[in-house]
Amino acid sequence: MAAPTASIVAIYPGSFDPITNGHLDLIARGSRLVDKLIVGILRNESKKPLFSVEERREMLEEVVKPYANVQVGCFHGLTVEFAAESGANLILRGIRAISDYEKELQMALMNRRLQPGIETAFLMAGEAYSFISSHLVKEVASLGGNISGLVPPLVETRLKARLAALK
Ligand code: PNS
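Since the structure is predicted, the reported quantities are computational estimates derived from the model, not experimental observations.

### Some thoughts on the overall build of the chain
The number of helices and strands found in the chain is six helices and five strands. Taken from N to C terminus, the helices and strands of the chain fall in the order β-α-β-α-β-α-β-α-β-α-α. The globule rule puts the C-alpha radius of gyration for 167 residues at 15 Å, and the 16 Å found for the chain is close to it. Principal-axis analysis of the C-alpha atoms gives the chain an extent of 60 × 30 × 30 Å. Counting every position in the chain, which comprises 167 residues, the buried fraction comes to 41%. Long-range contacts, defined as pairs at least 24 residues apart, comprise 76% of the intrachain contacts of the chain with a sequence gap of at least 6.

So this is what it looks like as structure tokens:
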């Protein structure tokens, strides 16, 4: 009898303020590579987020519904601790351009030092999404630019409403 294969549980940590179509593309592709994917929203109020963690979680839960093996969680503190508590053996991150690489490499090496049993794997962003970031989407939306196709429709609606309420 063949030895049982260990299952791969991955976390995909990030700020997701808010989730973009680039994140969603990574979730869709990542979910096909692992048995379970847990999207982890970092609770870090010092970053002055536009959306609360609960709001970000609501939006994420809605958009990951099509992916049966994807769950959403929140964490504060170390990513590797969240991974260990979640029973994960992999951290998934996306790389859009070479400019992302340096920071991601540093984080991956630090995470490996902190928790040698947990590997980091990178997926290259889909070429249609490689210029998208939550930060730029918020900036463009706040200046009245068109963000359709950059974020899921429900995020677009909520983003416009939040920005209008702040005016
Ligand atoms: O979406 P982001 O803002 O690029 O995500 C960054 C994130 C959340 C992955 C990173 O800031 C992080 O892991 N923060 C948790 C703190 C931590 O574990 N730091 C030490 C290892 S780098």
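### Description of the sheet that holds strand β3 (residues 70-75)
With parallel pairing, the five strands of this open sheet are ordered in space as β3-β2-β1-β4-β5. Strand pairing shows two members of the sheet lacking a second neighbour, β3 and β5 (119-124), which therefore form its edges. On average, each strand axis in the sheet is tilted by 30° relative to the strand beside it, whichever way the strands run. Summarising the sheet, strand β2 (residues 36-42) and β3 pair through six bridges and their orientation is parallel. Opposite Ile38, over in β3, you have Gln71 as the bridge partner. Where helix α2 (residues 53-63) meets the sheet, it contacts β2 and β3, and its direction lies at approximately 155° from that of β2.

### Observations concerning the site of the ligand
Surveying the vicinity of the ligand reveals the residues Gly14, Ser15, Leu42, Lys47, Gly77, Leu78, Thr79, Arg93, Lys103, Met107, Met110 and Asn111. Between the ligand and Lys47 there is a distance of 2.9 Å, counted from an oxygen atom to a side-chain nitrogen or oxygen. In this structure, Arg93 approaches the ligand through a side-chain N or O atom, which is 3.0 Å from an oxygen atom. A class-by-class count of the residues in the shell around the ligand yields four nonpolar, five polar and three charged.

The rules behind these values
- Residues numbered from 1 in each chain as written.
- Predicted model: local features only at pLDDT ≥ 70, side-chain atom pairs only at ≥ 80, totals over all residues.
- Heavy atoms only, no water.
- Helix = DSSP H or I, 4+ residues; strand = E, 2+ residues; numbered from the N terminus.
- Rg over C-alpha atoms; globule rule 2.2 N^0.38 Å.
- Buried < 20%, exposed > 50% of the residue type's maximum accessible area, 1.4 Å probe, protein only.
- Contact = heavy atoms within 4.5 Å.
- Pairing = 2+ DSSP bridges.
- Axes fitted to C-alpha atoms, helices over the stretch in contact; angles between N-to-C directions.
- Near = heavy atom within 4 Å.
- Polar contact = N/O pair within 3.5 Å; in protein donor to acceptor, adjacent residues only side chain to side chain.
- Nonpolar A, V, L, I, M, F, W, Y, C, P; charged D, E, K, R; others polar.

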